[in-house]
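This is what each chain is made of:
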Amino acid sequence: MLMVVSVFSLRAQENKLQKSDIAMMCGSWEGTLTYLDYSSGKPYTMPANVVISTINASDHLLVQMMYPDEPNANSSDTLHVFGDGGRIDGEKVISRDVMADGTVKIVSEERGKDGNDNSSATFRFTRTISKVAYVVVKEVRFDGSEQWIVRHTYSYKRKS
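All figures in this text were calculated on a predicted structure; none of them were measured in a lab.

Draft legend 1. Quick look at the nonpolar core. Residues I52, L61, Y134, Y154 and Y156 are the most contacted members of the largest nonpolar core, which totals 26 residues. Looking at this core, the elements that each hand over two or more residues are α2 (19-25), β1 (27-37), β2 (42-54), β3 (61-66), β8 (104-114), β10 (133-142) and β11 (149-158). Counting residues per element, this core draws most heavily on β2, which supplies four residues. If we ignore the near neighbours within four places in the chain, the residues touching Y154 are T32, L33, A48, M65, Y67, Y134, V135 and V136. A121, F123, F125 and V140 belong to the second-largest nonpolar core, a separate cluster that totals seven residues.

Draft legend 2. Inspection of the pairing of β2 at higher detail. When β1 meets β2, the two strands line up antiparallel, connected through 11 bridges. From the neighbouring strand, G27 faces β2, where its bridge partner is I52. As defined by bridge partners, β2 adjoins β3 across six bridges and the pair is classed as antiparallel. Along β3, the bridge assignment pairs N49 with M66.

Draft legend 3. Looking closely at the pattern of salt bridges. In the structure shown here, the tally under the stated rule is five salt bridges. Between R96 and D21 there is a salt bridge, with the nearest N and O atoms lying 2.7 Å from each other. With R96 in strand β7 (residues 91-98) and D21 in helix α2, this residue pair connects regions lying 75 residues apart in the sequence. Of the two residues examined, R96 and D21, each falls in the buried class.

Draft legend 4. Layout of the side chain of N15. Mapping N15 onto the fold places it in the loop between α1 (2-14) and α2. Of the polar contacts made by the side chain of N15, one reaches the backbone oxygen of I94; its length is 3.4 Å. When residues no more than four places from it in sequence are discounted, the contact partners of N15 are G85, V93, I94, S95 and R96.

Conventions adopted
Residues numbered from 1 in each chain as written. Predicted model: local features only at pLDDT ≥ 70, side-chain atom pairs only at ≥ 80, totals over all residues. Heavy atoms only, no water. Core = buried A, V, L, I, M, F, W, Y, C linked by side-chain atoms within 4.5 Å. Buried < 20%, exposed > 50% of the residue type's maximum accessible area, 1.4 Å probe, protein only. Helix = DSSP H or I, 4+ residues; strand = E, 2+ residues; numbered from the N terminus. Contact = heavy atoms within 4.5 Å. Pairing = 2+ DSSP bridges. Salt bridge = Lys/Arg side-chain N within 4 Å of Asp/Glu carboxyl O. Polar contact = N/O pair within 3.5 Å; in protein donor to acceptor, adjacent residues only side chain to side chain.

Below is the structure:
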């Protein structure tokens, strides 16, 4: 019986954001945002940069988004890590995998509304983090559908 409990505790630990993941996210990144324009149905790519830093040595991150071609869209937000890494803001961490090269892949989900008609949906976020690259893919599955749609992809390289 104790062995079963121990296995479940180990498995639960794997599905949490680790402090080392947060440390690897921090820094200055430059790259692109590619998003699906729901009106045209076509992807659009533009330059995008981000600076991520911890707030007061906590597990909360300050995320400063910069769009060189559209500076009026620049923004800052706080990303809160809750439940000892089990939640990222409203997203529940579903899985965390470490690849042979040390790259970490974190998948999380949350409910919300999206689309031109503001329909209910499930969002899936896949964050792939390494020392040199950071990619965030947001997918959307509208209620009543089995199909996931890639809503946007941020693809960054670490600035030296």
